[in-house]
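For reference, the chains in residue letters:
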Amino acid sequence: MTQALVLLCSPRKNGVSDSAAQLFAQGLGECGMSVQVLALRDYAVTACKGCGVCTPHPHQCMLADTDDAETLFTALATAKLLLIASPIYFYHLPAHFKALIDRSQRFWMQQQACGTEMSKYWQGQEAWHTGHTRPALAILTAGRSCGTQLFKGALLSLNYFLASLGATLYETRQLRGLETVEDLTARPAVTAGLYAWGKDWASLCRACPPC
Ligand SMILES: Cc1cc2nc3c(=O)[nH]c(=O)nc-3n(C[C@H](O)[C@H](O)[C@H](O)COP(=O)(O)O)c2cc1C
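Residues numbered from 1 in each chain as written. Predicted model: local features only at pLDDT ≥ 70, side-chain atom pairs only at ≥ 80, totals over all residues. Heavy atoms only, no water.

**Points about the packing of aromatic side chains**
Right, so step 1: All told, the structure shown has five aromatic pairs when counted by the stated rule.
Right, so step 2: Taking 5.8 Å as the distance between ring centres and 85 degrees as the angle between the ring planes, the aromatic pair formed by Phe97 and Phe161 counts as edge-to-face. Linking Phe97 in helix H3 (residues 95-103) with Phe161 in helix H5 (residues 152-164), this pair joins segments that are 64 residues apart in sequence.
Right, so step 3: Residue classification places Phe97 among the buried residues on the basis of a relative accessible area of 0%.
Right, so step 4: With 5.9 Å between their ring centres and 80 degrees between their planes, Trp108 and Tyr160 make a pair best called edge-to-face. Taken together, the positions of Trp108 in helix H4 (residues 105-114) and Tyr160 in helix H5 put the pair 52 residues apart, joining distant regions of the chain.
Right, so step 5: Positioned over the ring face of Trp197 is Arg173, at 4.1 Å from the centre of the ring. (Phe/Tyr/Trp six-rings, centres within 6.5 Å; stacked < 30°, edge-to-face > 60°. Helix = DSSP H or I, 4+ residues; strand = E, 2+ residues; numbered from the N terminus. Buried < 20%, exposed > 50% of the residue type's maximum accessible area, 1.4 Å probe, protein only. Lys NZ or Arg CZ within 6 Å of the ring centre and 35° of its normal.)

**Quick notes on the pattern of salt bridges**
Right, so step 1: In the structure shown here, the tally under the stated rule is four salt bridges.
Right, so step 2: Between Asp102 and Lys98 there is a salt bridge, with its nearest N and O atoms 2.8 Å apart. You can see Asp102 and its partner Lys98 sitting in helix H3, four residues apart, about one turn around the helix. (Salt bridge = Lys/Arg side-chain N within 4 Å of Asp/Glu carboxyl O.)

**Description of the confidence of the model for the chain**
Right, so step 1: Summing up the model confidence of the chain, the mean pLDDT is 90 and the portion of residues at 70 or higher is 89%.
Right, so step 2: This stretch, residues 124-131, has a pLDDT under 50; its non-local contacts, to residues over four places away or in other chains, come to 26 contacts. (pLDDT = per-residue confidence, 0-100. Contact = heavy atoms within 4.5 Å.)

**Describing the packing of helix H1 (residues 16-30) against helix H7 (residues 188-207)**
Right, so step 1: Packing of H1 against H7 leaves a shortest axis separation of 7 Å and a crossing angle of 40 degrees. Taken together, H1 and H7 sit at an angle that is classed as oblique. Considering the relative orientation of H1 and H7, their crossing is right-handed. Two secondary-structure elements touch here, H1 through Ala20, Leu23, Phe24, Gln26, Gly27, Leu28 and Glu30 and H7 through Thr191, Leu194, Tyr195, Trp197, Gly198, Lys199, Trp201 and Ala202.
Right, so step 2: Taken together, the residues of the contact of H1 with H7 break down into nine nonpolar, four polar and two charged. (Axes fitted to C-alpha atoms, helices over the stretch in contact; angles between N-to-C directions. Parallel < 35°, antiparallel > 145°, perpendicular 65-115°, else oblique. Left-handed = near helix turned anticlockwise from the far one by under 90°. Nonpolar A, V, L, I, M, F, W, Y, C, P; charged D, E, K, R; others polar.)

**Quick look at H1**
Right, so step 1: For H1, spanning 15 residues, the distance from its first C-alpha to its last is 21 Å, which sits close to the expected 21 Å at 1.5 Å a residue.
Right, so step 2: The element H1 is largely enclosed, with a buried count of 11 among its 15 residues.
Right, so step 3: Among all positions in H1, only Val16, Ser17, Asp18, Ser19, Ala20, Ala21, Leu23, Phe24, Ala25, Gly27 and Leu28 are buried.
Right, so step 4: Those residues of H1 hidden inside the fold are in contact with strand E1 (4-8), strand E2 (35-39), strand E3 (81-87), strand E4 (134-141), helix H6 (181-185) and H7. (Expected span 1.5 Å × (residues − 1).)

**Considering the layout of surface pockets**
Right, so step 1: Computed from the structure, the largest pocket encloses a volume of approximately 280 Å³.
Right, so step 2: Considered as a void within the structure, the second largest pocket measures approximately 170 Å³ in volume.
Right, so step 3: Looking at the second largest pocket, it is lined by 16 residues, and the ones nearest its centre are Cys48, Gly50, Cys51, Cys54 and Cys61.
Right, so step 4: Every element with two or more residues in the lining of the second largest pocket is listed here: H3 and H4. (1 Å grid on protein atoms, 1.4 Å probe; cavity = no way out; pocket = protein on both sides within 12 Å on 5 of 7 lines; lining within 4 Å. Points joined across faces, edges and corners; volume = space filled by probe spheres on them.)

**Observations regarding H4**
Right, so step 1: Among the residues of H4, Arg106, Phe107, Met109, Gln110 and Gln111 are the ones counted as buried.
Right, so step 2: Next to the buried residues of H4 lie helix H2 (69-78), H3 and H5.

**Topic: the pairing of strand E5 (residues 167-175)**
Right, so step 1: As paired elements, E4 and E5 share eight bridges and run parallel to each other. Bridging from a neighbouring strand, Leu140 pairs with Gln174 of E5. (Pairing = 2+ DSSP bridges.)

**Points about the nonpolar core**
Right, so step 1: Ranked by size, the top nonpolar core spans 35 residues in total, and within it Leu7, Leu76, Phe97, Leu100, Leu158 and Phe161 carry the most contacts.
Right, so step 2: Elements with a minimum of two residues in this core: E1, H2, E3, H3, E4, H5 and E5.
Right, so step 3: With 26 residues, the next largest nonpolar core counts Val6, Ala39, Leu137 and Ile139 among its residues. (Core = buried A, V, L, I, M, F, W, Y, C linked by side-chain atoms within 4.5 Å.)

Put into structure tokens, the structure is as follows:
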């Protein structure tokens, strides 16, 4: 089983959020944690059509066999630790990532139908850390250096998306003023902090193995 899944959600390869996530992944790897890095941009995800099939049949999605969303959901389901890395686009998450989030509606409907936080889909997966949900982390990068609402929309969606996947957002790094990778590398305290964060989480995962 993959111990940690790093999901790169920027359309831009090797951009700011990719680079920040790689530092975190290096920290995890340094401490012996196995890491799978997936770039969402390499996977086809069709936008939810709002067909309503998942309302009466929460396990079903009419698009399930037509694209790569199920592959991504399986990867998200089986990792013990999740890291989501994404830029902020118009105060929210990029469209491709939002498409995946919308496709998780069937898990959301499943939770509503079951009346429990953990949907049937995730039963059988190892509950970790709290015994109920798996830990998720997020690195969000933005160009603007100010603005109290800058990360608000993205965080709201992430919280509900992760909840539908049986995971909880434990910690975030909300990084501002980063238009280019050079903006990031010009901040050695930030880059060192991301690497150290990865090492810290590898230690935490070692200390708290699956229940
Ligand atoms: C389409 C688009 C929309 C953006 N919207 C915002 C925004 O609303 N607020 C902001 O601070 N930065 C915004 N940015 C800047 C990016 O969030 C920022 O440069 C980010 O660090 C890029 O990360 P990446 O290289 O991983 O894609 C936007 C960039 C693009 C291309």
